[in-house]
There are 2 protein chains.
Amino acid sequence: GTAGMEAGIACAVPRDKKVLVSNGGKFGERWVKVAKAYGLDVDEVKLEWGTALEPELVAEKLATGRYGAVITVYSETSTGTACDLEGIGKVVAETDAIVIADCITAAGALPLRTGQWQIDIVGAGSQKAFMLPPGLAFLAVSDKAWANIEKIDAPAFYLDLKAYRKSVADNDTPYTAPVSLIRGLEVALDMIHEIGIETIWARTAMLAGAMRAAAEALGMKVFSRRPSDSVTGILLPEGVTDKQFRGTLRDKYGCWVAGGQNELKGKVFRVSHMGYVDPVDTIGLVAAVEY
Amino acid sequence: GTAGMEAGIACAVPRDKKVLVSNGGKFGERWVKVAKAYGLDVDEVKLEWGTALEPELVAEKLATGRYGAVITVYSETSTGTACDLEGIGKVVAETDAIVIADCITAAGALPLRTGQWQIDIVGAGSQKAFMLPPGLAFLAVSDKAWANIEKIDAPAFYLDLKAYRKSVADNDTPYTAPVSLIRGLEVALDMIHEIGIETIWARTAMLAGAMRAAAEALGMKVFSRRPSDSVTGILLPEGVTDKQFRGTLRDKYGCWVAGGQNELKGKVFRVSHMGYVDPVDTIGLVAAVEY
């Protein structure tokens, strides 16, 4: 996922314009670092953790200067927060800039209509809603973004997207690819097709809604002010340590939930609603949390 | 493998000195392209396919100017040719330059004593003698190369070796890693340890020697003038097409051999001696070739 997003940033962002990068968590922070590593003129939007980039702000920013790209995280996993990607797509589509969206934990979980929403680069990875081991990154690239890529001399070799476009046309990859994961991907995509992506989106939203309602019923607080249906971050109850809480869930009930990252370390626990997580898992977890 | 080598080239080659890159086949050609993609001052040694970079030439070159690194392929898979990596290591160790060796098809097949031979960066991949699916690259990095890496602002993010050094100290990786392959690697390394790497080197050399002798006994010619024990490239007999030859081996005898790459396409077939290839496979292939 990281390498895939980096390929988009390195190959498709015009060098002579500014790039707007939203940073509302650990992953937004990463894309700021990547853009800076390639010497881009970064305009960083620092968001309070738990809030999201708003289309209005993007419109305001783009009106003030020459921007070539907007980089945003659709579902910021560190805070369990989703942005209005459709709205951002609409705003950016009216300009010459492109949108690069980190959809690593969103693709396959949150509604995503790449073409209709005019998202120029969608980055995703195998290890989240695609239900595979990690090791594969995917990118969807619009014609508008390809036009940029064709104009830019890639400052890298392995991540040069031009080579991939050429190979994909022959149903191949330019360098030796993790074929075992690609075979697994075929199976995962068949499963997803059979269920139907809209059904998966609805089920994910239902599970996340149930988790939020359950947390509140148990007197706990959802961290994000704009919760993502992909992952829910819940503040640990007063007086309960992360080690106690997650340790008990794991050892006594066999439930694995994630801890907080960076500034949320020890303050929240995070529950995934992606991929093969089903209602039984979710309701079971709620019962275990109630312990 | 490609990304691993690229990380070494991007992070460890000094910017203010020249880099000697040997190109005697498809993979040497690739490292020239990578070094150029990072704007390095490349001195390319073009070798006739089937010949190898000689330590004497490296010594001569290094004496004439300020070189920061030498990049060479230990076993050039496209031509089945190995270089004298030990000799090259010795020559370069006497200077301030570092050696970056593509050992992707050599590590685990040809003798390789990284420390003793003073090879500064060894690049390898999971899919050859490590007997795993593709998807993992490994690098061994010397103190001399780390000193370069610490001094250089990496022109990349995912391939920045500083981040890996930091994570490896905590037995972790900086970004989500292909864990399924890492678990497989543990098993493969246990197998290799059990047999003993020297035994594997000797067996590989024996199989390659047998293949070369068999080819000559059958009136065929080994392509390389300095054959690698990792893979043998054999010229197709006069009047036999690649399609006929490899098709028959595959369809009639279930033997898979590789074809030629780039300028050797349709002119040679290539037999691997790496990993789980054993004497029965090799003798069986000889019998099938005799058909």
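Cut-offs and rules
- Residues numbered from 1 in each chain as written.
- Chains lettered and ligands numbered in written order.
- Predicted model: local features only at pLDDT ≥ 70, side-chain atom pairs only at ≥ 80, totals over all residues.
- Heavy atoms only, no water.
- UniProt positions renumbered as here; feature names shortened; annotations may be inferred.
- Helix = DSSP H or I, 4+ residues; strand = E, 2+ residues; numbered from the N terminus.
- Contact = heavy atoms within 4.5 Å.
- Buried area = accessible area lost by both parts, 1.4 Å probe.
- Salt bridge = Lys/Arg side-chain N within 4 Å of Asp/Glu carboxyl O.
- Polar contact = N/O pair within 3.5 Å; in protein donor to acceptor, adjacent residues only side chain to side chain.
- Pairing = 2+ DSSP bridges.
- Axes fitted to C-alpha atoms, helices over the stretch in contact; angles between N-to-C directions.
- Buried < 20%, exposed > 50% of the residue type's maximum accessible area, 1.4 Å probe, protein only.
- Domains from an automatic or database assignment.
- Parallel < 35°, antiparallel > 145°, perpendicular 65-115°, else oblique.
- Left-handed = near helix turned anticlockwise from the far one by under 90°.
- Nonpolar A, V, L, I, M, F, W, Y, C, P; charged D, E, K, R; others polar.
- 1 Å grid on protein atoms, 1.4 Å probe; cavity = no way out; pocket = protein on both sides within 12 Å on 5 of 7 lines; lining within 4 Å.
- Points joined across faces, edges and corners; volume = space filled by probe spheres on them.
- Phe/Tyr/Trp six-rings, centres within 6.5 Å; stacked < 30°, edge-to-face > 60°.
- Least-squares fit on C-alpha atoms with pLDDT ≥ 70 in both.

## Remarks on the UniProt feature "domain: Aminotransferase class V" (unreviewed entry) in chain A
For step 1, the next point in the chain: UniProt tags residues 15-217 of chain A as "domain: Aminotransferase class V" (unreviewed entry).
For step 2, the next point in the chain: Across residues 15-217 of chain A, helical content stands at 43% and strand content at 19%; the span's end C-alpha atoms are separated by 51 Å.

## Details of the interface of chain B and chain A
For step 1, the next point in the chain: At the interface, 25 residues of chain B touch 25 residues of chain A.
For step 2, the next point in the chain: By the criterion of area lost to chain A, the three top residues of chain B are Pro134, Phe157 and Tyr158 of chain B, representing 29% of everything that side buries.
For step 3, the next point in the chain: Counting across the chain B and chain A interface gives zero salt bridges.
For step 4, the next point in the chain: If you look at where chain B meets chain A, you find four residue pairs in polar contact (both at pLDDT 80 or more).
For step 5, the next point in the chain: Elements supplying a minimum of two residues to the side of chain B that touches chain A: helix 1 (2-12), helix 2 (26-37) and helix 7 (179-195) of chain B.
For step 6, the next point in the chain: With four residues, helix 2 of chain B is the largest single contributor of residues to the side of chain B that touches chain A.

## Here's the deal with the sheet that holds strand 10 (residues 258-259) of chain B
Residue and element names in this part refer to chain B.
For step 1, the next point in the chain: One open sheet holds the three strands; their spatial order is 9-11-10, and the pairing between them is antiparallel. Looking along the sheet, the strands with just one partner apiece sit at the ends: strand 9 (231-235) and strand 10.
For step 2, the next point in the chain: The pairing of strand 10 with strand 11 (residues 268-272) spans two bridges and is antiparallel. Across the sheet, Ala258 pairs through a bridge with Arg270, a residue of strand 11.

## Let's talk about the sheet that holds strand 11 (residues 268-272) of chain A
Residue and element names in this part refer to chain A.
For step 1, the next point in the chain: Overall, antiparallel pairing links the three strands, which are arranged 9-11-10 in an open sheet. A strand with exactly one partner marks an edge of an open sheet, and here the two such strands are strand 9 (231-235) and strand 10 (258-259).
For step 2, the next point in the chain: This element, helix 8 (residues 197-217), spans strand 9 and strand 11 of the sheet and lies at about 10 degrees to strand 9.

## Digging into helix 4 (residues 85-93) of chain B
For step 1, the next point in the chain: Of the positions making up helix 4 of chain B, those classed as buried are Leu85, Gly87, Ile88, Gly89, Val91 and Val92 of chain B.
For step 2, the next point in the chain: Contact partners of the buried residues in helix 4 of chain B: helix 3 (55-64), strand 3 (67-73), strand 6 (98-102) and helix 5 (143-151) of chain B.

## Looking at the domain arrangement of chain A
Residue and element names in this part refer to chain A.
For step 1, the next point in the chain: Splitting chain A by domain gives domain 1 (2-188) and domain 2 (196-290).
For step 2, the next point in the chain: Taking the mean C-alpha position of each, domain 1 and domain 2 sit 27 Å from one another.
For step 3, the next point in the chain: Listed per partner, the contact involves 28 residues of domain 1 and 22 residues of domain 2.
For step 4, the next point in the chain: On the surface where domain 1 and domain 2 come into contact, there are two salt bridges.
For step 5, the next point in the chain: With a closest N to O distance of 2.7 Å, Arg225 and Glu48 form a salt bridge.
For step 6, the next point in the chain: Between domain 1 and domain 2 we count eleven residue pairs in polar contact (both at pLDDT 80 or more) in total.
For step 7, the next point in the chain: With three residues, the single largest contributor to the side of domain 1 that touches domain 2 is helix 2 (residues 26-37).

## Description of the packing of helix 1 of chain B against helix 2 of chain B
Residues and elements named next belong to chain B.
For step 1, the next point in the chain: At their nearest, the axes of helix 1 and helix 2 sit 10 Å apart, and the two run at 45 degrees to each other. Our classification of the angle between helix 1 and helix 2 gives oblique. At the point where helix 1 passes helix 2, the crossing takes the right-handed sense. Residue-level contacts link Thr2, Met5, Glu6 and Ile9 of helix 1 to Arg30, Trp31, Val34 and Ala35 of helix 2.
For step 2, the next point in the chain: The class makeup of the residues in the contact of helix 1 with helix 2 is five nonpolar, one polar and two charged.

## Notes on the pairing of strand 11 of chain A
Residue and element names in this part refer to chain A.
For step 1, the next point in the chain: Most of strand 11 sits out of view: four of its five residues are buried.
For step 2, the next point in the chain: Summarising the sheet, strand 9 and strand 11 pair through five bridges and their orientation is antiparallel. Within strand 11, the residue paired with Leu235 across the bridge is Val268.

## Describing the layout of surface pockets
Over the atoms, a rolling probe the size of a water molecule traces out where space has been left empty.
For step 1, the next point in the chain: In this structure, the second largest pocket encloses a volume near 540 Å³.
For step 2, the next point in the chain: Lining the second largest pocket are 19 residues, and of these Phe157, Ala163, Lys166 and Tyr175 of chain A together with Lys33 of chain B sit closest to its centre.
For step 3, the next point in the chain: The set of elements that each furnish at least two residues to the lining of the second largest pocket consists of helix 6 (161-169) of chain A together with helix 2 of chain B.
For step 4, the next point in the chain: When residues in the lining of the second largest pocket are grouped by element, the largest group, five residues, is from helix 2 of chain B.
For step 5, the next point in the chain: Considering only residue class, the lining of the second largest pocket consists of seven nonpolar, two polar and ten charged.

## Observations concerning the packing of aromatic side chains
Residues and elements named next belong to chain A.
For step 1, the next point in the chain: This model, assessed by the stated rule, comprises 14 aromatic pairs over all chains.
For step 2, the next point in the chain: Consider the rings of Tyr74 and Trp117, whose centres lie 6.3 Å apart with planes at 80 degrees: the pair is edge-to-face. Linking Tyr74 in the loop between strand 3 (67-73) and strand 4 (75-76) with Trp117 in the loop between strand 6 (98-102) and strand 7 (121-125), this pair joins segments that are 43 residues apart in sequence.
For step 3, the next point in the chain: On the basis of relative accessible area, Trp117 is assigned to the buried category, the value being 8%.

## Looking at the relation of the copies chain B and chain A
Here the second copy of the chain follows from the first by a rotation about an axis and a shift along it.
For step 1, the next point in the chain: With an RMSD of 0.0 Å, chain B superimposes on chain A once it is rotated by 180 degrees and translated 0.0 Å along the axis. The superposition operator between the copies reduces to a two-fold rotation axis. By C-alpha distance to the rotation axis, the residue of chain B lying nearest is Gly135 of chain B, at 3.4 Å.
For step 2, the next point in the chain: A share of 100% of interface residues in chain B that are also interface residues in chain A marks the association as one of identical surfaces.

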